[in-house]
Amino acid sequence: MAFFSIENIRVKGIASAVPKGEESNWDYDFINEQERKLLIKTTGVEKRRIVKDSGLTTTDLGMAAAEKILKDTGTSKEEIEILVFVSQTPDYFLPASSILLQSRLGLAKTCMAYDINLGCSGYIYGLSSIASMMNTAKIRKGLLIAGDISSKAAQREDKSVYPLFGDAATATLLEYDECADKMSFSLQSDGSGYESIIVRDGGMRKPMSKESFIVEQISPGVSRAPRNLELNGMEVFNFSVTEVPLNIEDFFRRTNTTVDSYNYFVMHQANLLMNETIRKKLKFPVEKVPYTLSKFGNTSSASIPLTIVSELRNKIAAPLSFLLTGFGVGLSWGTVSLKTRNLVCSEVIEL
Amino acid sequence: MEISEFIKKLEIEFEDIPKSSLTPSTKINDIEGWSSMHSLIVVALADTEYGVTLKGEEMKKAQSIQELFDIIRSKSTGK
């Protein structure tokens with residue numbers, strides 16, 4: 001079991017950036033009004049921010065968020081010695097986007113940088129990776145940049161995907177601090193479910209070809225090309241409402257904590273029916289579980305930090321105990337508990 | 001576990017479907033406006049109310065409300 005704790009690292013601040021371009025699912029006229037109403041009620045997604053044809057990429061959004069959190073915490077760029085970028089929509093196949101960001105942000109050449117290719121679970125995995133590296137190497141300050149522009153891979157004529165996803169990127173500043181409370185992690189994976197959420201073409205297994213762009217109808221309301229994001233809602237639902245509660249119940253036992261030990265339980269924003277099923281199974285009270293699904297949709301690895309920034313910004317002055325959980329594409333899932341003190345949350349930036 | 005109770009629960013969840021329009025013999029594909037969202041709601045209901053994980057293919061196999069109920073009941077026995 002990948003359960004472990006990391007000492008000496010504190011989450012100091014979080015910023016997030018979304019594109020200005022907004023789309024409302026009330027205007028999604030690919031489906032009829034009755035279906036639209038049910039879709040919004042079930043998924044909880046009303047509005048989404050998408051890059052459209054602005055040319056904005058994940059690193060553009062991530063860079064704005066990073067600049068903002070450095071400024072708002074009074075951190076100078078020379079102090080950043082590690083940058084980890086979590087995304088499944090990088091600028092290029094290669095080189096890694098983290099390295100582009102090292103230069104674009106004006107970070108020192110002594111800063112290490114690498115990418116992690118994960119989606120919905122990516123923020124939790126990203127935190128575990130950067131925190132363990134910082135603790136091992138006694139790195140003073142690090143940036144975790146997590147986000148995706150999933151809309152780029154979504155086909156409008158696929159009602160099972162298009163109305164769910166929004167674009168966003170976030171930057172989290174971490175600090176080495178011997179007084180910091182430990183973070184505890186439980187990370188899991190199950191590749192047998194790799195087809196549940198997948199973009200089939202464009203990798204080395206099936207390189208992009210003319211056929212990759214041919215849109216075919218799979219079922220009524222679901223048309224897509226092999227280059228598009230594909231999602232099996234039923235499988236993802238069953239996976240999430242089974243595995244996430246098991247993971248967290250086990251986490252409670254190992255950490256000797258309960259629902260009452262946490263001020264906030266922030267879940268990856270997948271869809272409302274699924275998230276509420278998980279919340280009810282774990283018996284977390286509604287007031288401890290913030291949502292941004294209605295404003296931003298599913299923003300992949302950005303959803304947890306974006307939700308903290310957007311919903312809890314005015315409540316983070318006091319010391320807080322968080323339980324965060326991410327789950328989805330891979331299949332991959334994980335949970336972290338962490339404590340914050342004087343956490344800095346910047347206003348959501350619009351680009 | 002009664003089918004009448006199951007239907008009542010379905011009708012609470014499906015706000016968009018007229019009340020008392022569902023019977024055990026109702027064919028799922030004949031329900032007006034039936035979509036994959038309804039299937040997802042059934043899967044959620046099976047999980048939270050009956051502790052049953054209903055798979056996509058099982059859901060597809062069920063032609064009527066009765067058949068759907070029978071699948072859930074058969075999976076919940078022994079729990």
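Bear in mind that the values here come from a model prediction, so they are computed numbers and not experimental data.

What counts, and where the lines are drawn
Residues numbered from 1 in each chain as written. Chains lettered and ligands numbered in written order. Predicted model: local features only at pLDDT ≥ 70, side-chain atom pairs only at ≥ 80, totals over all residues. Helix = DSSP H or I, 4+ residues; strand = E, 2+ residues; numbered from the N terminus. Rg over C-alpha atoms; globule rule 2.2 N^0.38 Å. Buried ≥ 20, exposed ≤ 12 C-beta atoms within 10 Å, placed from the backbone. Contact = placed C-beta atoms within 7 Å. Pairing = 2+ DSSP bridges. Axes fitted to C-alpha atoms, helices over the stretch in contact; angles between N-to-C directions. Expected span 1.5 Å × (residues − 1). Nonpolar A, V, L, I, M, F, W, Y, C, P; charged D, E, K, R; others polar. pLDDT = per-residue confidence, 0-100. Parallel < 35°, antiparallel > 145°, perpendicular 65-115°, else oblique.

**Student:** Residues and numbers for the overall build of chain A, please.
**Tutor:** Along chain A, the regular secondary structure elements total eight helices and 18 strands. Taking 2.2 N^0.38 as the reference for a compact globule, 351 residues should give roughly 20 Å; the C-alpha atoms of chain A span a radius of gyration of 19 Å, in line with that estimate. Its C-alpha atoms put chain A at 55 × 45 × 35 Å along the principal axes. Expressed as a percentage of its 351 residues, the buried residues of chain A come to 53%. In chain A, the proportion of contacts linking residues at least 24 apart, taken out of those at least 6 apart, comes to 80%.

**Student:** Which residues make up the environment of Pro290(A), and what values go with them?
**Tutor:** Residue and element names in this part refer to chain A. Mapped onto the fold, Pro 290 is located in the loop between α6 (272–282) and α7 (293–296). Taking the C-alpha atoms as reference, Pro 290 lies 8.2 Å from Met 267; in sequence the two are 23 residues apart. In contact with Pro 290, not counting residues within four places along its chain, are Tyr 264, Val 266, Thr 307, Glu 311 and Leu 312.

**Student:** Explain the pairing of strand β2 (residues 9–18) of chain A to me, using residue names and the numbers behind them.
**Tutor:** Residues and elements named next belong to chain A. In terms of residue burial, β2 counts as a mostly covered element, since ten of its ten residues are buried. Examined bridge by bridge, β2 and strand β8 (residues 167–176) share eight bridges and lie antiparallel to one another. Residue pairing across strands places Gly 13 opposite Leu 173, the latter belonging to β8. As defined by bridge partners, β2 adjoins strand β17 (residues 344–345) across two bridges and the pair is classed as parallel. Across the sheet, residue Gly 13 finds its bridge partner in β17, namely Val 344. Pairing of β2 with strand β18 (residues 349–350) involves two bridges; the strand directions are parallel.

**Student:** If you had to explain the sheet that holds strand β9 (residues 183–189) of chain A to someone new, which residues and values would you point to?
**Tutor:** Residue and element names in this part refer to chain A. Read across the open sheet, the five strands follow the order β1-β9-β16-β15-β14; overall the sheet is mixed. Each edge of the sheet is formed by a strand with only one pairing partner; in this case those strands are β1 (2–6) and β14 (264–267). Direction aside, the axes of adjacent strands within the sheet are offset by 15° on average. Sheet contacts for helix α4 (residues 122–137): β1, β9, β15 (320–328) and β16 (332–340); angle to β16, the most-contacted strand, approximately 55°. Each of β1, β9, β15 and β16 touches helix α5 (residues 233–255); the most contacted strand, β16, lies at about 40° to it.

**Student:** Can you break down helix α2 (residues 58–72) of chain A residue by residue, with the values?
**Tutor:** Residue and element names in this part refer to chain A. A rise of 1.5 Å per residue sets the reference length of α2, with its 15 residues, at 21 Å; its end C-alpha atoms lie 21 Å apart and thus fit the reference within 8%. A large share of α2 lies buried, amounting to eleven of its 15 residues. Turning to α2, its buried residues are Thr 58, Thr 59, Asp 60, Leu 61, Gly 62, Met 63, Ala 65, Ala 66, Lys 68, Ile 69 and Leu 70. Of the residues trailing α2, Gly 74 is marked for its positive phi of about 65°.

**Student:** Give a description of the interface of chain A and chain B that names residues and reports values.
**Tutor:** The partner chain B presents 16 residues to the 17 residues of chain A that form the contact. Of all the secondary-structure elements, those providing two or more residues to the side of chain A that touches chain B are α1 (33–43), α5 and α6 of chain A. Here the side of chain A that touches chain B gets seven residues from one element, more than from any other, and that element is α5(A). Among the residues making up the side of chain A that touches chain B, the classes are represented as six nonpolar, seven polar and four charged.

**Student:** A description of the confidence of the model for chain B should follow, citing residues and the corresponding values.
**Tutor:** Residue and element names in this part refer to chain B. Of all residues in chain B, 97% attain a pLDDT of 70 or more, and the chain-wide mean is 85. Mean pLDDT across the secondary structure elements of chain B bottoms out at helix α3 (residues 56–61), with 85, and peaks at helix α4 (residues 65–76), with 90. What the predictor reports for the complex is a pTM of 0.94 with an ipTM of 0.86.

**Student:** Outline the packing of α6(A) against helix α2 (residues 36–50) of chain B, supporting the account with residue identities and numerical values.
**Tutor:** α2(B) packs onto α6(A) with a crossing angle of 5° between their chain directions and a minimal axis gap of 11 Å. Comparing their axes, α2(B) and α6(A) come out roughly parallel. Contact with α6(A), carried on its side by Leu273(A), Thr277(A) and Lys280(A), involves Leu40(B), Ile41(B), Ala44(B), Asp47(B) and Thr48(B) of α2(B) and no other residues of that element. Broken down by class, the residue content of the contact of α6(A) with α2(B) amounts to four nonpolar, two polar and two charged.

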